[in-house]
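# Coordinate analysis (summary)
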Amino acid sequence: MSNLPQNRKCIIVLDNASYHSRLKFKTPSMSMNVQHMLSYMRANNITIPNPVPIKALLLKLIKDACIQKRYIIDDIALSYGHEVLRLPPYHCCFSPIELVWAKLKSQVRKRNTTPSLSASVCQHLRDCASDIDAELWKKMCSTY
């Protein structure tokens, strides 16, 4: 986050890759113990009945509370005054870097004549990457 401006709010656009989507609190399931469920309920201000019911009823209470998933990276961004905007699943067309990556892979495929990763493939990758310039980025960003 240190590369982002500190004096203004930034919006960080993320896809749904698993490394962007680590949950702050994993939503309980039947395989979890009661203590984990109770901790989750306390963290999300869900009223815990007394006496504590069986797991199935605790899960129903949790489900009925409709708690929105919270991601670790979102909280980190918020602590710096920034906001995370998540792209919908399977909509990579909204992310210009995915379009550039697809173009790069296509160009490498056209030039490559070897069936495996070799020095020539790495060189094709470098050559194709050097062809990616500001004009291409501008085109990809204005596509959608």
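Here, residues in each chain are numbered from 1, in the same order as that chain's written sequence. The predicted origin of the model limits local features to residues at a pLDDT of at least 70 and limits the giving and counting of side-chain atom pairs to 80 or more, whereas totals for whole chains, interfaces and linings rest on all residues. The basis for every side-chain value is the complete set of heavy atoms in the structure, and neither hydrogens nor water enter the calculation.

- The name an unreviewed UniProt entry gives the protein chain is Tc1-like transposase DDE domain-containing protein, with Periplaneta americana as the organism.

## Notes on a nonpolar patch on the surface
- Residues I11, V13 and L85 make up a contiguous nonpolar surface patch of roughly 280 Å² in combined accessible area.
- Each helix is a run of DSSP H or I of at least 4 residues and each strand a run of E of at least 2, with the numbering of both proceeding from the N terminus. Take I11: it is sitting in strand 1 (residues 11-14).
- Relative accessible area decides the class of each residue, using a 1.4 Å probe on protein chains only: under 20% of the type maximum gives buried, over 50% gives exposed, and in between gives partly exposed. Its relative accessible area of 54% is what places I11 among the exposed residues. Without a salt bridge and with relative accessible area above 30%, a residue can belong to a patch; like charges are then joined within 9 Å and nonpolar side chains (Val, Leu, Ile, Met, Phe, Trp, Tyr) within 5 Å. Accessible surface is estimated by sampling points in the Shrake-Rupley manner with a 1.4 Å probe; for residues, cover comes only from the protein chains shown. Salt bridges, as used here, are contacts in which a Lys or Arg side-chain nitrogen is within 4 Å of a carboxyl oxygen on Asp or Glu.

## Some thoughts on helix 4 (residues 96-111)
- Each helix should span, by expectation, one fewer than its residue count multiplied by 1.5 Å. When the terminal C-alpha atoms of helix 4 are compared, their 23 Å separation across 16 residues agrees well with the 22 Å that a helix rising 1.5 Å per residue should span.
- Among the residues of helix 4, those classed as buried are V100, L104 and V108. Seen from one end, helix 4 has its buried residues packed into an arc of 75°, which puts them on one side. Away from its buried face, by an angle of more than 90 degrees, helix 4 presents the exposed residues R109 and K110.
- By definition in these notes, contact holds between two residues if any of their heavy atoms fall within 4.5 Å. Structurally, helix 4 contributes buried residues whose contacts are with helix 5 (119-130) and helix 6 (134-142). By arc we mean the arc of the directions from the helix axis to the C-beta atoms, nothing more.

## A few points about the packing of aromatic side chains
- Side-chain rings of Phe, Tyr and Trp (the six-membered ring for Trp) are treated as a pair once their centres are within 6.5 Å; stacked means planes under 30 degrees apart, edge-to-face means over 60, and tilted covers the remaining angles. Scanning the model with the defined rule gives zero aromatic pairs in all.
- Between the NZ or CZ atom of R86 and the centre of the ring of Y71, over which it lies, the distance is 3.9 Å. Distance and angle both matter: a charge sits over a ring if NZ of Lys or CZ of Arg is within 6 Å of the ring centre and within 35 degrees of the ring normal.

## Considering unusual backbone geometry
- Cis geometry marks the peptide bond from N50 to P51; its omega dihedral reads 5°.
- The phi torsion at N45 lies on the positive side, around 55°, for a residue other than glycine.
- Relative to the assigned elements, N45 resides in the loop between helix 1 (34-43) and helix 2 (55-64).
- Relative accessible area serves as the criterion here: at 72%, N45 is assigned to the exposed category.

## Some points on the side chain of S21
- Tracing the chain through its elements places S21 in the loop between strand 1 and helix 1.
- Classification of S21 by relative accessible area gives buried; the value is 18%.
- Between N or O atoms, a polar contact is any pair within 3.5 Å; within protein, one atom must be a potential hydrogen donor and the other a potential acceptor, and residues adjacent in sequence are included only when both atoms are from side chains. A polar side-chain atom of S21 sits 3.4 Å from a polar atom in the side chain of R86.
- Other than its neighbours up to four places away in sequence, S21 contacts N16, Y71 and R86.

## So, the pattern of salt bridges
- Per the stated rule, a full pass over the model turns up six salt bridges.
- Residues D74 and R86 are paired through a salt bridge, measuring 2.8 Å at the closest nitrogen-oxygen approach. One end of the pair, D74, is in helix 3 (residues 72-79); the other, R86, is in strand 2 (residues 83-86), and twelve residues separate them in sequence.
- Given a relative accessible area of 22%, D74 falls into the partly exposed group.
- Connected via shared salt-bridge partners are K24, R70 and D75.

## What about the nonpolar core?
- Among buried residues, the Ala, Val, Leu, Ile, Met, Phe, Trp, Tyr and Cys ones that are joined through side-chain atoms within 4.5 Å form a nonpolar core. Of all hydrophobic cores here, the largest spans eight residues; its members are M37, L38, Y40, M41, I46, L58, L59 and I62.
- Of all the secondary structure elements, the ones that give two or more residues to this core are helix 1 and helix 2.
- Looking at which element gives the most residues to this core, the answer is helix 1, with four residues.
- Excluding residues that lie within four positions of it along the chain, L58 makes contacts with V34, M37, L38, M41, V52 and P53.

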